[in-house]
Structures are given as structure tokens and as C-alpha cells.
Amino acid sequence: MSRLISRGALIVFEGCDRSGKSTQCKKLVEALNNDGIKAKLWRFPDRDTAIGVMISRYLEQKCELEDHAIHLLFTANRWEAVPRMMELLSSGTTLVVDRYAYSGVAFSSAKQGLDMSWCKQPEVGLPKPDAVLFLQLTPEAASERADYGKERYEQPEFQDRVADNYKLMTDDTWKMIDASQTIDELHTVVRAVALEVIEKAKGQDIGQLWT
Ligand code: DGP
Ligand code: NA
Ligand code: NA
């Protein structure tokens, strides 16, 4: 199929809390824009929507929500963004996304009583990332970084279970990246991977989770 404009790539960053995702996402978008490549930063949860406000209050431990219910709110927060994401991707903008459905499954299924297959179901059909850049850092190293422990989930035992869950979701779109490097070293690796992914995505249709 020929296209007038080649589409942008959907590049997702995943990893445990404090692995450096947000810093790397921001630096990547800046670098791509400087190279004349259309790219936009995106993040989940998007705390600015009505659903996102509920999620944010939950994460800041200002309210309690039943585990299934909060899982579905996180998922709804992704679905509500899909029309805009698809519009941007098809107009040629690459989306650099800080967390996605994999966070949803890894974090929620780390709770007792929620299993991975149940957690995956509401995410079925979301646009499939062209690549998942997984920033690898041990939960111990992460816990030594600034601000750790303020929000719900930022506890070493919980993060260990999250890390195990992530391992069960890896496929050939995942790139495992050592996040113990300096910010600039990591950025160099990330940028090189992203450029390859953007080039490759041009000739491919966007897929759907979880295929
Ligand atoms: P951040 O704003 O990137 O620090 O992420 C907020 C926290 O929420 C982080 O601990 C990861 C967690 N999280 C992100 N997405 C989901 C999700 O879909 N479900 C659950 N249970 N937790 C999530
Ligand atoms: Na966090
Ligand atoms: Na579980």
C-alpha cells in the first residue's frame, strides 16, 4: 500500500519506577525534533483528563479504589487517548510514550487476586508499539534514586514483582537497555535505537495488542 505521508512510529518506554524513563523520553523527543523529525512526548497515566485526575489522587494515596476498578481506569485513560494518537501517527508524527499497557499489566497483576490474563483483556486492541524500550535497573538501584517512595507502588518488594511480570511480556519488539549508564550514555543508545525503529515503521501498518 502506498502512502502520501509515511506514518510516525509508536515508541514506548517501560521499566520500573525511577529507571529514568521520563528523562530519556524528553531527551529523545528533543533530539528527534532537532533532527527535523516530527515527534511528540506522550505519557500514561495522563493525569490531566477527568479519569487521569482520579488516577493521580489514587497514586498520591489520597483515596482508595478497588484493585479491578483502578486497573480499568488506567486502561480507560489509554483508550481515551487512542483517537488523537492515531491521528498523530498517521500524520507522520512519532510518539514517544512514557509507559503503556505493559505498565498496566505489570503493576496491576503484581497485586494479589489479579492475574495477568485478566489484566490484559481490557488492553486488547490498543495500538501496538513498534518498539518497547525497556530500561533495566535493579529495584535496589532504583530505590536509591531521588524521590523514591513517595507514591503508591514505590516499595522494593512490589517493584520486584513488577520486574518479574515485565519479563513475562517481552517479545521481539522489546529492546532491553541497561539503565545504570549515565543519562548521556543512555540517550546515545536510545536515540540510535529510535532512529532505526522510525525508519522501519514507515513501511508497516500499525498492529494491535497483544498480537
Ligand atoms: P509515573 O507517572 O510514570 O510515575 O507512573 C505512575 C505510577 O503508576 C507508577 O508507579 C506506575 C503505575 N502505573 C502506570 N500505569 C499503570 C496501570 O495501568 N496500572 C497500574 N496498576 N499501575 C500503573
Ligand atoms: Na512513579
Ligand atoms: Na497477581
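In the annotation of an unreviewed UniProt entry, the protein is listed under the name Thymidylate kinase and assigned to Ridgeia piscesae. Under the UniProt heading Pathway (unreviewed entry), the entry covering the protein gives this text: "Pyrimidine metabolism; dTTP biosynthesis." Its UniProt record gives the protein a comment under Sequence similarities (unreviewed entry), which states: "Belongs to the thymidylate kinase family."

Student: Which residues make up the pattern of salt bridges, and what values do they have?
Tutor: The tally for this structure, following the rule as stated, stands at 16 salt bridges. Of the charged contacts, one joins Asp17 and Arg99 as a salt bridge, the two residues approaching to 2.5 Å between their closest N and O atoms. Of the two residues, Asp17 sits in the loop between β1 (10-15) and α1 (21-34) while Arg99 sits in the loop between β3 (94-98) and α5 (101-108), which places them 82 residues apart along the sequence. Each member of the pair, Asp17 as well as Arg99, carries the same accessibility label: buried. Asp147 is the salt-bridge partner of Lys150, the closest N and O atoms lying 3.1 Å from each other.

Student: Mind laying out unusual backbone geometry, listing which residues take part and the relevant values?
Tutor: Omega for the bond connecting Phe44 with Pro45 falls within 30 degrees of zero, at -5°, which places this linkage in the cis form. Residue placement: Pro45 occurs in the loop between β2 (39-43) and α2 (50-59). Of note, the phi angle at Arg18 is positive, near 70°, even though the residue is not glycine. Note that Arg18 resides in the loop between β1 and α1. We classify Arg18 as partly exposed; its relative accessible area is 32%. Even without being a glycine, Asp147 presents a positive backbone phi close to 70°. Along the chain, Asp147 turns up in the loop between α7 (139-143) and α8 (156-167).

Student: Break down the environment of Leu114 for me, citing the residues and quoting the values.
Tutor: With respect to the element layout, Leu114 can be found in the loop between α5 and α6 (116-120). The spatial distance from the C-alpha of Leu114 to the C-alpha of Ala179 is 29 Å, given a sequence separation of 65 residues. Every residue in contact with Leu114, bar those within four places of it in the chain, is listed here: Asp67, His68, His71, Ser108, Ser109 and Cys119.

Student: Now, about the side chain of Thr94: what can you tell me, with residues and values included?
Tutor: As for its position among the elements, Thr94 is in strand β3. Those residues in contact with Thr94, other than ones at most four positions away along the chain, are Gly8, Ala9, Ile11, Lys38, Ala39, Lys40 and Ile198.

Student: Could you give an account of the coordination of the sodium ion (ligand 3), naming the residues involved and the relevant values?
Tutor: In the first shell of the sodium ion (ligand 3), the protein supplies Ser109 (O), Lys111 (O) and Leu114 (O), at 2.3 to 2.4 Å from the metal. Within one chain, the residues serving as donors to the sodium ion (ligand 3) are arranged as S-x1-K-x2-L. Taken individually, Ser109 and Leu114 each receive the classification buried, so the pair is uniform in this respect.

Student: How would you explain the site of ligand 1 if you had to name every residue and give the values?
Tutor: Inspection of the region around ligand 1 gives 13 residues, with Asp17, Arg78, Arg99, Gly104 and Ser108 positioned closest. A distance of 2.8 Å is found between an oxygen atom of ligand 1 and a side-chain nitrogen or oxygen belonging to Arg78. For ligand 1, a nitrogen atom lies 2.9 Å from a polar atom in the side chain of Ser108. Relative to its free-state accessible area of 500 Å², ligand 1 is covered by the protein chains to the extent of 94%. The residue inventory of the shell around ligand 1, partitioned by class, reads five nonpolar, three polar and five charged.

Student: For the packing of α2 against helix α3 (residues 67-79), give the residues involved together with the corresponding values.
Tutor: At a minimum axis separation of 9 Å, α2 and α3 run at an interaxial angle of 135°. As summarised for this structure, α2 and α3 are arranged oblique, according to the angle between their axes. Pair α2 / α3 crosses with left-handed handedness. Here Ile51, Gly52, Met54, Ile55, Tyr58 and Leu59 of α2 come into contact with α3, specifically with Asp67, Ile70, Leu73, Phe74, Ala76 and Asn77.

Thresholds applied
Residue positions are given per chain, counting from 1 as you read along its sequence in written order. To label them, take the chains in the order written and letter them from A, then take the ligands in the order written and number them from 1. Note on the predicted model: pLDDT of at least 70 is required for a residue's local features to be given, and 80 or more for side-chain atom pairs to be given and counted; whole-chain, interface and lining totals, by contrast, use all residues. With hydrogens and water excluded, all non-hydrogen atoms of the structure serve as input to the side-chain values. UniProt positions are given in the numbering used here, feature names are shortened, and annotations may be inferred rather than shown by experiment. Salt bridges are identified by distance alone: a Lys or Arg side-chain nitrogen within 4 Å of an Asp or Glu carboxyl oxygen. Starting at the N terminus, helices and strands are each numbered in turn, a helix being any DSSP run of H or I of at least four residues and a strand any DSSP run of E of at least two. Exposure classes here rest on a 1.4 Å probe applied to the protein chains alone. A residue is buried below 20% of its type maximum, exposed above 50%, and partly exposed in between. Residue contacts follow a heavy-atom distance rule, with two residues in contact if any of their heavy atoms lie within 4.5 Å. A 2.8 Å cut-off from the metal defines N, O and S donors, relaxed to 3.2 Å for Na, K and Ca; water is not in the atom list, so some sites may appear incomplete. Whether a residue is near a molecule or strand depends on its heavy atoms: if one lies within 4 Å, it is near. Identification of polar contacts relies on pairs of N or O atoms within 3.5 Å, with a donor-acceptor requirement for protein atoms, meaning one able to donate a hydrogen and the other able to accept it, and with residues adjacent in sequence counted only if both atoms are side-chain atoms. Using a 1.4 Å probe, accessible areas were evaluated by the Shrake-Rupley method; residue-level cover was limited to the displayed protein chains. Note that Gly is not counted as nonpolar here; it falls among the polar residues with everything else outside the nonpolar set of Ala, Val, Leu, Ile, Met, Phe, Trp, Tyr, Cys and Pro and the charged set of Asp, Glu, Lys and Arg. Note on geometry: axes are lines fitted to C-alpha atoms, helical ones only across the stretch in contact, with angles between N-to-C directions running from 0 to 180 degrees. For this classification, under 35 degrees means roughly parallel, over 145 means roughly antiparallel, 65 to 115 means roughly perpendicular, and everything else is oblique. For any helix crossing, the convention is left-handed if the near helix is rotated counterclockwise from the far helix by under a right angle, and right-handed if that rotation is clockwise.

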